[in-house]
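# Structure at a glance
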Amino acid sequence: MIHALTFYLFALVGVLSAVMVVLNRNPVHGVLWLILAFFNAAGLFVLMGAEFIAMLVVVVYVGAVAVLFLFVVMMLDINFLGLREGFLKYMPFGAALAVILAVEVVILFLDWTLAGEAMALRAAPIPDVSQVSNTEALGNLIYTQYVYLFQVSGLLLLVAMVGAIVLTHRTSPSVRRQRIADQVHRRREQVLDVKSVRSRGGI
Amino acid sequence: MADLWNDVLWPLIIIIAQILLIVLPLLLAVAYLTYAERKVIGAMQLRKGPNVVGPFGLLQPIADGAKLFLKETIIPTGADRPVFILAPMLTFILALIGWAVIPFDEGWVLSDINVGVLYLLAISGLGVYGIIMAGWASNSKYAFLGGLRSAAQMVSYEISMGLIIISVLLTAGTLNLSEIVQAQANGVWYALPHFPMFVLFVVSILAETNRAPFDLPEAEAELVGGYNVEYSAMTFALFFLGEYANMILMSAIAVVLFLGGWLPPLDMAPFTWVPGIIWFALKVCAILFVFLWARATFPRYRYDQLMRLGWKVFLPLSLAWVVLTAGVLVAFDALPQ
């Protein structure tokens, strides 16, 4: 009973906060609702016994990705009155798009079958859940069977990172930069001159 | 009815009692940490520190708490009310829920989960929201700058903290905090083989909790008071309590990961007579003293130096140490099974 109650709590709050992301007029509130939705998704993962994934969702999505979202959205200079303008102009187009998406999802669900192997795997996971922990089971799969895919996804992320740095990094000659090595190599003799001053004598 | 009592209500009462057993001493510890901080810094600066309220000034934290409680809570007109109120509550709650997985002694842990280390990383990663929300909701430029700084700072240092923890996990072979301590019982405390990482971890937790010399979010000389400049009374007190509870939590994590948790320093007669929780508390106090010592000793880092230290020094060092640890463990066939 407790299990079902917690499930409904997480599911309800998750769906509601996802709706609030869209309905909110203030984008910062939107991101905060999105974080709540992520959090509830993590809760659902815990209920399913996928504790490792749950923690990763919180660490990666809530702890890092959403912080960057919030970072960017907070800096936006938004005119809240301007947001209402042109609502009627865009409404038909938006509504049409929503209807098309909804119809596609419905069609997809009508024709949805799961592969037999996948169902068999779901019924009896290969390393029995009661014998190994989440972390071990995932590690055994990722680093043996899927090691090449894992490495390739790492490379993809590296390429994305290098690309982002190349796109945004500019060196302009007018900017004076700090040279750490010079600063560290500066000695006391170069900058300080200790004089013994005679009383009432001055330098 | 009996079912409901046995299956639901009685466990609920037990859990709430356990939570109170953790939270009440914790709040007392937080109060006396502020007192200890003022006394220690006073001693280091040849001052007396608080010595007027009660014997040796021992009632000072209670007087401070009462003062904050009686002040008026001011919410600025331009502030975003719900977020403004939510931010200090979030900071305080996050500082408390981390304690759910900390093992105080053998078997003395509220929730002995398999992914304890990840849970702690997740909780400390969430800590940034309290500060960034406070900075934004205050609708003040100083508070906003403080919030942005701290977001960048905490995200940066979390990465190197994660890598440092990975080398400990490689040696222990588990993510469960009690088992990490048990693994140190069989060998040595991880502060010895991982000594450079221990130092890096202590510096990182200084940055993660926004303490001196990395207290840029509240740099009073440039930002007036940083993210909490618009807060008063209990809303401010919650930030304050949250910051100190976080310091104790981070010290406890360092103790569990590197200093052998509740284990006595030597496994022989006079040391084993002392109960484990006393050893745990003593070790936490030792790390907390380093926090206070650093605050009394070092000037504040400049923002770009802070970022440089995090990304260009700590990150490569901890990454290299992970590779080294893994290499040594594989080469000597010492990987935990």
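Predicted, not measured: the structure shown is a model, and the values here were computed from it. (Residues numbered from 1 in each chain as written. Chains lettered and ligands numbered in written order. Predicted model: local features only at pLDDT ≥ 70, side-chain atom pairs only at ≥ 80, totals over all residues. Heavy atoms only, no water.)

What follows deals with the overall build of chain B. Per the secondary structure count, chain B includes 12 helices and zero strands. For 337 residues, the compact-globule estimate of 2.2 N^0.38 gives 20 Å, and the C-alpha radius of gyration of chain B, at 21 Å, lies within 12% of that figure. By the burial criterion, 52% of the 337 residues in chain B qualify as buried. Within chain B, contacts between residues separated by at least 24 positions form 77% of all contacts whose residues are at least 6 apart in sequence. (Helix = DSSP H or I, 4+ residues; strand = E, 2+ residues; numbered from the N terminus. Rg over C-alpha atoms; globule rule 2.2 N^0.38 Å. Buried < 20%, exposed > 50% of the residue type's maximum accessible area, 1.4 Å probe, protein only. Contact = heavy atoms within 4.5 Å.)

Domains assigned within chain A are domain 1 (1-77) and domain 2 (133-164). A separation of 24 Å is found between the C-alpha centroids of domain 1 of chain A and domain 2 of chain A. (Domains from an automatic or database assignment.)

This paragraph deals with the environment of A:Val105. As for its position among the elements, A:Val105 is in helix H4 (residues 87-110). As a C-alpha pair, A:Val105 and A:Ser133 span 28 residues in sequence and 35 Å in three-dimensional space.

Residue and element names in this part refer to chain B. Domain parsing of chain B yields domain 1 (1-70) and domain 2 (80-332). Placing the centre of domain 1 and that of domain 2 at their C-alpha centroids yields a distance of 20 Å. Broken down residue by residue, the surface that domain 1 buries against domain 2 is led by Leu33, Glu37 and Leu68, which jointly contribute 32%. On the surface where domain 1 and domain 2 come into contact, there are two salt bridges. Our count for the domain 1 to domain 2 interface comes out at three residue pairs in polar contact (both at pLDDT 80 or more). The greatest single-element share of the side of domain 1 that touches domain 2, amounting to 15 residues, is contributed by helix H1 (residues 2-44). (Buried area = accessible area lost by both parts, 1.4 Å probe. Salt bridge = Lys/Arg side-chain N within 4 Å of Asp/Glu carboxyl O. Polar contact = N/O pair within 3.5 Å; in protein donor to acceptor, adjacent residues only side chain to side chain.)

All names here are of chain B. Along helix H6 (residues 177-186), the positions that sit buried rather than exposed are Leu177, Ser178, Ile180, Val181 and Gln184. Axial view of H6: buried residues confined to an arc of 160°, hence all on one face. Residues of H6 that are buried make contact with helix H4 (116-137), helix H5 (141-172) and helix H9 (233-258). Between a side-chain oxygen at the N-terminus of H6 and the backbone nitrogen of Ser178 the separation is 2.9 Å; the capping residue is Asn176. (Arc of directions from axis to C-beta.)

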